[in-house]
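# Structural overview for review
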Amino acid sequence: MTDGVSPRIPFNRPGLGGNEFAYMRDAVDGGHTSLGGPFTARVVEMLSEWQGAADVLLTTSCTDALEMAALLLDVKPGDTVIVPSFTFVSSALAFVRAGARLIFADIEPVTLGIDPDDVARLMNDSVRAVVAVHYAGIGCDIDGLRSVLEAWPDAALVEDNAQGLYGEYRGAPLGSFGRFSTLSFHETKNFTCGEGGALMVNHSDDVDRAHVLLDKGTDRRAFMLGQVDKYSWRDIGSSFGLSDMLAAYLLAQLEERDRILAQRRGVFDRYSELLSPVADGEALSLPIVPPDRVPAYHLFYVLLADQSARDRALAALASQGIGATFHYVPLHSSDGGMRFSARPNACPVTDDVSSRLLRLPFYNGLSTRDMERVVEALTEVLG
Ligand SMILES: *Cc1c(COP(=O)(O)O)cnc(C)c1O
């Protein structure tokens, strides 16, 4: 329902870089449309240069990249993996699929990232991996996590960096801290190709096996590089690779990196500016960006006083045609989470944040006028 005058403000509107269709046409004309073509090579070069990764493998989704990380870590039944309760299902699902049981950790209230103190309490010998998520593209407490993990050399840090491409933590790129990190190029992310993802391999020892897993368990890449004279089945794996047509689309997006980031930063800053006069830390709180972090500006959220205030705001904004929305329903108390967890763990910060969080419309090129309308509607419902 709208007031009949103001147009709807959607929650998200995927943006175009400009060259998507021209590059896809080139990919088709060039004849190499499967994985590993010329556009993939250019995207891989851009991403590995940014992150300083040992290698980058483009996949059909972030979920697939996380599944590859689980396989590369040899996660198996009997193992456990620590995952924040406040995240998208895939951060957990990929490890369950490899047979692990989950231990859900709570988040800390500053960045809404996994809480290193809770992780420290939950660690034991069965933990093979700890998954960190940079919520909203704001780096979580990486140093806190790394100091906990120092005592547990058999547990790898995996960064689910689906929201954090081009964000930074203490001068280094998000995604460069874990043994593996993953990206998403889903329609809803900052840079997209409809569906897509990447596995960022940060240790050179993992590179060869990662390619075998991507190449359906074969050493096809070693063959292509002339390292073996025929290729054959070697290991587990699947068909995780991204089509070069989608890599072409993605390249057009990544080439617009500076403009896209500047636009998203503009939206984030404008919302902060418009809302700061009413942000009292009780009826309304804004996201916190610690001074040593550069966000990737994935989304803008506010925290309201309680669930009923949040739900009233949701309804009021919806009635004015404004596409605000809540976010993650806690995983630790979901049916799947309880079914696949190794043992229960209370996550009070997750429960609290999940019940009060509201995401505002956020996309490249969202106009100041529309942001003012959103803020007006929100302040009105707050009274
Ligand atoms: C979007 C998202 C995913 C899933 O990405 P896909 O590419 O759709 O698989 C996983 N984790 C987080 C934190 C996300 O935001």
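First, a word on what this report is: a plain description of the structure on this page. Keep in mind that what you see is a predicted model, and the values were worked out from it rather than measured.

## Thoughts on the site of the ligand
The ligand sits among 15 residues. The nearest are Cys62, Thr63, Asp160, Ser184 and Lys189. Thr63 places a polar side-chain atom, nitrogen or oxygen, 2.5 Å from an oxygen atom of the ligand. Here Lys189 contributes a side-chain N or O atom positioned 3.3 Å from an oxygen atom of the ligand. Notes on the ligand: free accessible area 390 Å², of which the protein chains cover 93%. The cavity that encloses the ligand is the largest pocket. A breakdown of the residues in the shell around the ligand according to their chemical character gives five nonpolar, eight polar and two charged.

## Considerations on unusual backbone geometry
Even without a glycine there, the phi angle at Ala136 is positive, about 65 degrees. Counting through the fold element by element, Ala136 comes out in the loop between β4 (127-133) and α6 (142-149). Its identity is not glycine, yet Lys216 carries a phi of approximately 55 degrees, on the positive side. As for its placement among the helices and strands, Lys216 is situated in the loop between α7 (207-214) and α8 (220-224).

## A closer look at a nonpolar patch on the surface
Taken together, Phe88, Val89 and Leu93 make up a surface patch of nonpolar side chains, about 270 Å² in accessible area. Relative to the elements of secondary structure, Phe88 occurs in the loop between β2 (80-84) and α4 (90-97). We classify Phe88 as partly exposed; its relative accessible area is 48%.

## A word on the sheet that holds strand β12 (residues 301-304)
Judged by pairing direction, the sheet is antiparallel, and its three strands sit side by side in the order β10-β12-β13 without closing on themselves. Unpaired on one side and paired on the other, β10 (284-285) and β13 (357-359) mark the two borders of the sheet. Where β10 and β12 come together, two bridges link them in antiparallel fashion. Bridging across to β12, Ser285 finds its partner in Leu303. Along the sheet, helix α13 (residues 348-356) makes contact with β12 and β13, crossing β13 at roughly 45 degrees.

## Observations concerning the nonpolar core
Residues Val75, Val81, Phe95, Leu102 and Leu199 are the most contacted members of the largest nonpolar core, which totals 36 residues. Of all the elements in the fold, those that place two or more residues in this core are α3 (62-72), β2, α4, β3 (101-105), β4, β5 (156-160), β9 (197-201) and α7. A total of seven residues in this core trace back to one element, the largest contributor, which is α3. Those residues in contact with Leu199 that sit more than four places away from it in its chain are Asp55, Val56, Leu57, Thr59, Ala65, Met68, Ala69, Leu72, Phe180, Ser181, Thr182 and Ala210. By size, the runner-up hydrophobic cluster in this structure holds 28 residues, among which are Leu47, Ala53, Leu242 and Leu254.

## A look at α13
Within the sequence span of α13, burial applies to Thr350, Val353, Ser354, Ser355 and Arg356. Along its buried surface, α13 packs onto β12, α11 (307-319) and β13.

## A look at the packing of aromatic side chains
Applying the stated rule across the entire model yields 13 aromatic pairs. On the numbers, 5.9 Å between centres and 65 degrees between planes, the contact of Tyr135 with Tyr328 is edge-to-face. Remark: Tyr328 occurs in the loop between α11 and α12 (335-340) and Tyr135 occurs in the loop between β4 and α6; sequence separation between them is 193 residues. Both residues of the pair, Tyr135 and Tyr328, belong to the buried class. A connected cluster of aromatic rings, assembled from ring pairs, spans Phe86, Tyr135, Tyr301 and Tyr328. A cation over a ring is seen here: Arg257 above Tyr166, with NZ or CZ 4.3 Å from the ring centre.

## As for the sheet that holds strand β7 (residues 172-173)
Sheet architecture is open: three strands sit in the order β7-β6-β11, paired in antiparallel fashion. Either end of the sheet is taken by a strand with one partner, and the two such strands are β7 and β11 (293-294). Two strands pair when backbone bridges link them, and strand β6 (residues 168-169) and β7 are joined in this way by two bridges, in the antiparallel orientation. Following the sheet pairing, Glu168 is matched in β7 by Pro173.

## Some thoughts on the side chain of Thr218
Structurally, Thr218 can be placed in the loop between α7 and α8. On the accessibility criterion, Thr218 (14% relative accessible area) is buried. Once residues lying within four places of it in the same chain are set aside, the contact partners of Thr218 are His211, Val212, Tyr231, Ser232, Trp233 and Arg234.

Definitions and cut-offs
- Here the residue numbering is sequential within each chain, running from 1 through the sequence in written order.
- Totals for whole chains, interfaces and linings use all residues, but because this is a predicted model, local features are given only for residues with pLDDT of at least 70 and pairs of side-chain atoms are given and counted only at 80 or more.
- Only hydrogens and water are removed before side-chain values are computed, so all heavy atoms of the structure are retained for them.
- Proximity is defined per residue: if any heavy atom of the residue lies within 4 Å of a molecule or strand, that residue is considered near it.
- Two N or O atoms count as a polar contact when they lie within 3.5 Å, although within protein this holds only if one can serve as hydrogen donor and the other as acceptor, and sequence-adjacent residues are included solely when both atoms are side-chain atoms.
- Under the convention used here, a 1.4 Å probe and the Shrake-Rupley method define accessible areas, while residue burial counts only the protein chains that appear.
- For each structure, a 1 Å grid was placed over the protein atoms alone; sets of points admitting a 1.4 Å probe that cannot get out are labelled cavities, open sets with protein on both sides within 12 Å along at least five of seven lines are labelled pockets, and lining residues have an atom within 4 Å of a point.
- To be counted as sitting in a cavity or pocket, a molecule needs more than half of its atoms within 2 Å of that site's grid points.
- Lys, Arg, Asp and Glu make up the charged group, whereas Ala, Val, Leu, Ile, Met, Phe, Trp, Tyr, Cys and Pro make up the nonpolar group; the residues left over, Gly among them, are polar.
- The secondary structure listing takes helices from DSSP runs of H or I that are at least 4 residues long and strands from runs of E that are at least 2 residues long, numbered from the N terminus.
- Two joining distances apply to patches: 9 Å for like charges and 5 Å for nonpolar side chains (Val, Leu, Ile, Met, Phe, Trp, Tyr), and every residue must have over 30% relative accessible area and no salt bridge.
- By definition here, a salt bridge exists when the distance from a side-chain nitrogen of Lys or Arg to a carboxyl oxygen of Asp or Glu is within 4 Å.
- Each residue's exposure class comes from its accessible area (1.4 Å probe, protein chains only) as a fraction of the maximum for that residue type: buried when under 20%, exposed when over 50%, partly exposed otherwise.
- Any two strands with at least two DSSP-identified bridges between them are counted as paired.
- Contact between two residues is taken to exist if any of their heavy atoms lie within 4.5 Å; hydrogens are not considered.
- Helix axes are fitted to C-alpha atoms over the stretch in contact, other axes to C-alpha atoms as well, and angles between N-to-C directions run from 0 to 180 degrees.
- Put simply, a nonpolar core is a bunch of buried Ala, Val, Leu, Ile, Met, Phe, Trp, Tyr and Cys residues held in one set by side-chain atoms that sit within 4.5 Å of each other.
- Two rings belonging to Phe, Tyr or Trp (six-membered ring only in the last case) form a pair when the distance between their centres is within 6.5 Å. Interplanar angles under 30 degrees mark stacking, angles over 60 mark edge-to-face geometry, and anything in between is tilted.
- A ring has a charge above it when a Lys NZ or an Arg CZ is no more than 6 Å from the ring centre and no more than 35 degrees off the ring normal.

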